[in-house]
Amino acid sequence: MARAWGLALAILLAAPPVSAAEITVDEKYWNPQPAEGDLVLPMPCGGAMAFRPVATPNADGAVGDVPVILGREDEDQPYLDGTRRSYVSGGFPGTGEAEAKAMFYMAKYEIAEAQYRAVTEGCPGKEPRRRDFLPVREVTKTELDAFAQAWTVWLMRNAPESLALAGAAPAHLRLPTEEEWEFAARGGLAVDPALFRGALPPIPPGHSASEYIAHGGNDSAGGKVQAIGTLAPNPLGLHDMLGNASEYVLTPFAMVRHGRLHGQAGGHVKRGGDARTPLDQITSATRFEVPPFDVHSKDVTREAFTGGRLVLSTLSITSAEQAKAVAAALETLSRADPALDSAASEAEVLALLDRLQREAGDAADRSRFAAIARTIREARAETNAQRDRTIRMILGSSVLTCDQIVQRYLNALAIAALVPSYDGLAAEAEASGDVALAQEVAEARAEARAKLREMEEAVGRESVDYANLIEGLSAEFSQELLAAQIAAVRDEHESRGPRRGACLAAAQTHLDRRGQSGMNDLAAIRSDMQQIAAAQAR
């Protein structure tokens, strides 16, 4: 189904201005499961599309990104969806410290037929209905690119305020990269790291995968595509990332070659499986190559079960000030942590190489000195990235240990609250001469006190374990570096509940104290955790 893109774009640009306040299509069609945090962009013909924020916090400022392991351990087709390291980062500021936060926005649902037609064909003669919000399919990847382009231009002309999310440079719409798609499909930072690598995002207890994925089983779609928002969302609030309709992504297909993508770019990539795919064949890593052209029809490829969704993106460098910040951040990333004994000598070597490069009379010598310095800086940058991942893992262990100690204190508070009632029951039993009751109360009271002693001993051991983690971080890394890494993981831990957030704040306090005094105060650590427990108990 060929599209007259020039004519469609001309129709859109000639339409009267429409602001976000003039969305007239019923929300139950284009956002059937509204949620806090939804970003809504207006569309032609009074329509709209909802997007969800996907957080990509980092501790490296202007050049930070989130390292992720994509793919899966696949012995049958390792070239198709084998594991590989990659990186993802958004261009929009987050809600915390702006220098350590970033996010991008991904469409909450697959592009619906009504939304696609509003941009490419103009307004229909009647109001859309639920049946018009099936995922659009039988479109080419190129046509989806053109759809995103045409809608972006329409927004720039009719609702420019909706694109003002990243300073001077307006945002724009496009298909997601493979990294963005899989990171979001797995649940991003809303999923514990230990569960991120699972075949599917975590399914809550008491629920089944069929409540989240429209697949080919008898208890699910059975080959029939569902309207957008029919099923439950993944941990990021995104619907139908897996199943229903396969989705094209921006980047071309490349084979996986032992931990990285092969250098040859091939056809298009579709992700996620569809309503015909058996559930046991659907994973967050599922990817297939689609030929752009059909050798049988001698035409472009159109698939009956493949569509797509958009992301809201922005330029990597939006201003001269940001370009300077990027250069400064790269320089910082290539420097050793001041806490390392080797930092000064490494800086001296680099300074010497820079001086030799400036003073060298021969161009070949200057090139050789520059290459040596560049190699040292690149190696340091990679070492620093590995260092930062290690710090975040240790911080995570500290928070989990704190969380466990706090839970023990809460259990102890509950048991301690029962002891006075045992004392009262014992007095009543003695007064009434009820020997059996007195014996039962005495045993229960003894058991409660034994449990309190066990908890106290466990807290003692775990407090030492926690202090050892704090000691290791303080002894090896500078306070400035530790503060940056804490900022990078704050959203992740706070999203898991106030207790996790309080434990991370406590860890920062204990690191600061250790840095100032040169030692850990176990009594103060336990007191801080008791206060967290008391706050939780209120």
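Residues numbered from 1 in each chain as written. Predicted model: local features only at pLDDT ≥ 70, side-chain atom pairs only at ≥ 80, totals over all residues. Heavy atoms only, no water.

Asks: Would you explain the sheet that holds strand S14 (residues 306-307) in this entry?
Replies: What holds strands together in a sheet is hydrogen bonding between their backbones, with the strands either parallel or antiparallel. Taken in spatial order, the four strands of this open sheet run S11-S10-S7-S14, and their pairing is mixed. Where the open sheet ends on each side, the last strands, each with one partner, are strand S11 (287-290) and S14. Two strands pair when backbone bridges link them, and strand S10 (residues 268-271) and S11 are joined in this way by four bridges, in the antiparallel orientation. For Val-269, the partnering residue across the bridge sits in S11 and is Glu-289. Across the face of the sheet, helix H6 (residues 178-185) comes into contact with strand S7 (246-248), S10 and S11 while running at roughly 5° to S10. (Pairing = 2+ DSSP bridges. Helix = DSSP H or I, 4+ residues; strand = E, 2+ residues; numbered from the N terminus. Contact = heavy atoms within 4.5 Å. Axes fitted to C-alpha atoms, helices over the stretch in contact; angles between N-to-C directions.)

Asks: Would you mind going over the pairing of strand S5 (residues 103-107) with me for this structure?
Replies: Successive side chains on a regular strand alternate, one facing one side of the sheet and the next facing the other. S5 sits mainly inside the fold: five of its five residues count as buried. Burial of S5 is two-sided: the residues Met-103, Tyr-105 and Ala-107 facing one way and the residues Phe-104 and Met-106 facing the other way are all buried. Here five bridges tie strand S2 (residues 48-55) to S5, and the two strands are oriented antiparallel to one another. Bridge assignment links Phe-51 to a residue of S5, and that residue is Ala-107. Across two bridges, the pairing between S5 and strand S15 (residues 311-313) is antiparallel. In the strand pairing of S15, Met-106 is matched with Val-311. (Buried < 20%, exposed > 50% of the residue type's maximum accessible area, 1.4 Å probe, protein only.)

Asks: Even after reading the chapter, I still don't get the confidence of the model for the protein chain, so can you show me in this structure?
Replies: Looking at the protein chain as a whole, its pLDDT mean stands at 85, while 89% of the residues score no less than 70. Of all the helices and strands in the protein chain, helix H1 (residues 5-14) carries the lowest mean pLDDT, 45, while S7 carries the highest, 98. Contacts from residues 1-21, a stretch scored under 50 in pLDDT, to residues over four places away or in other chains number 38 contacts. (pLDDT = per-residue confidence, 0-100.)

Asks: What is the right way to look at the state of the cysteines in this model?
Replies: In a disulfide, the sulfur atoms of two cysteines are held together by a covalent bond. Applying the stated criterion across every chain, the model contains two disulfides. A disulfide bridge connects Cys-45 with Cys-123, and the sulfur atoms are separated by 2.2 Å. Handedness of the Cys-45-Cys-123 disulfide follows from its S-S torsion of about -100°: it is left-handed. A residue pair is termed long-range when its members are at least 10 positions apart, and Cys-45 in the loop between strand S1 (39-42) and S2 and Cys-123 in the loop between helix H4 (113-120) and helix H5 (141-158) qualify at 78 residues. Judged by its relative accessible area of 25%, Cys-45 falls in the partly exposed class. Under the relative-accessibility criterion, Cys-123 is labelled exposed at 56%. Ordering the disulfide-forming cysteines of the protein chain by sequence position, one finds them joined as 1-2, 3-4. (Disulfide = S-S within 2.5 Å.)

Asks: Would you mind showing me how to read the packing of helix H11 (residues 435-476) against helix H14 (residues 522-537) here?
Replies: Angle between the axes and distance between the axes: these two values describe a pair of packed helices. Across the interface, H11 lies against H14 with an axial gap of 10 Å and an inter-helix angle of 110°. For the element pair H11 / H14, the angle class is roughly perpendicular. Seen from H11, the contacting residues are Gly-460, Ser-463, Val-464, Tyr-466 and Ala-467; seen from H14, they are Leu-522, Ile-525, Arg-526 and Met-529. By residue class, the composition of the contact of H11 with H14 is six nonpolar, two polar and one charged. (Parallel < 35°, antiparallel > 145°, perpendicular 65-115°, else oblique. Nonpolar A, V, L, I, M, F, W, Y, C, P; charged D, E, K, R; others polar.)

Asks: Hey, could you run me through the side chain of Arg-499 in this one?
Replies: With respect to the helices and strands, Arg-499 occurs in helix H13 (residues 498-517). Non-local contacts of Arg-499, meaning those with residues more than four positions away in its chain, are made with Asp-403, Val-406, Gln-407, Leu-410, Ile-532 and Gln-536.

Asks: Is there a simple way to explain the packing of aromatic side chains in this structure?
Replies: The relative placement of two aromatic rings is captured by the distance of their centres and the angle of their planes. Scanning the model with the defined rule gives six aromatic pairs in all. Cluster of aromatic residues (ring-pair linked, three or more members): Phe-51, Tyr-116, Phe-147 and Trp-151. Sitting over the face of the ring of Phe-196, Arg-186 holds its NZ or CZ atom 5.7 Å from the ring centroid. (Phe/Tyr/Trp six-rings, centres within 6.5 Å; stacked < 30°, edge-to-face > 60°. Lys NZ or Arg CZ within 6 Å of the ring centre and 35° of its normal.)

Asks: In this structure, what is going on with the environment of Arg-197? I would like to understand it.
Replies: Along the chain, Arg-197 turns up in the loop between helix H7 (193-196) and S7. You can call Arg-197 partly exposed: its relative accessible area is 31%. The sequence separation of Arg-197 and Val-68 amounts to 129 residues, and the corresponding C-alpha distance is 9.5 Å. Not counting residues up to four positions away in its chain, the partners in contact with Arg-197 are Ile-69, Leu-70, Gly-71, Arg-72, Thr-83 and Arg-186. Within polar-contact distance, the side chain of Arg-197 engages the backbone oxygen of Ile-69 at 3.1 Å. (Polar contact = N/O pair within 3.5 Å; in protein donor to acceptor, adjacent residues only side chain to side chain.)

Asks: I'm lost on the pattern of salt bridges in this one. Help?
Replies: Should the charged atoms of two oppositely charged side chains come close, the side chains can pair. Enumeration according to the criterion identifies 25 salt bridges in this entry. A salt bridge links Asp-38 to Lys-108, with the shortest nitrogen-to-oxygen separation between them at 2.8 Å. Here Asp-38, found in the loop between helix H2 (27-30) and S1, pairs with Lys-108, found in the loop between S5 and H4; they are 70 residues apart in sequence, far enough to count as distant. Side by side, Asp-38 and Lys-108 carry an identical accessibility label, which is buried. In this structure, the salt-bridge partner of Glu-182 is Arg-271, at a minimum N-O distance of 2.8 Å. Of the two residues, Glu-182 sits in helix H6 while Arg-271 sits in strand S10, which places them 89 residues apart along the sequence. (Salt bridge = Lys/Arg side-chain N within 4 Å of Asp/Glu carboxyl O.)

Asks: What am I meant to see in the packing of H4 against H5 here?
Replies: Interaxial distance between H4 and H5 falls to 9 Å at its minimum, and their mutual angle equals 65°. By the criterion of interaxial angle, the relationship of H4 to H5 is roughly perpendicular. Note that H4 runs across H5; the crossing there is left-handed. Listed contacts from H5 to Gln-115, Tyr-116, Val-119 and Thr-120 of H4 are Glu-143, Leu-144, Phe-147, Ala-150 and Trp-151. Across the contact of H4 with H5, the residue classes tally to six nonpolar, two polar and one charged. (Left-handed = near helix turned anticlockwise from the far one by under 90°.)

Asks: Sorry if this is basic, but what is going on with unusual backbone geometry here?
Replies: Most peptide bonds are trans, and most residues other than glycine sit at a negative phi. Residue Cys-45 is not a glycine yet carries a positive backbone phi of 70°. In this structure, Asn-244 takes a positive phi of about 65° despite not being glycine. Considering the arrangement of structural elements, one finds Asn-244 in the loop between H7 and S7. On the basis of relative accessible area, Asn-244 is assigned to the buried category, the value being 0%.

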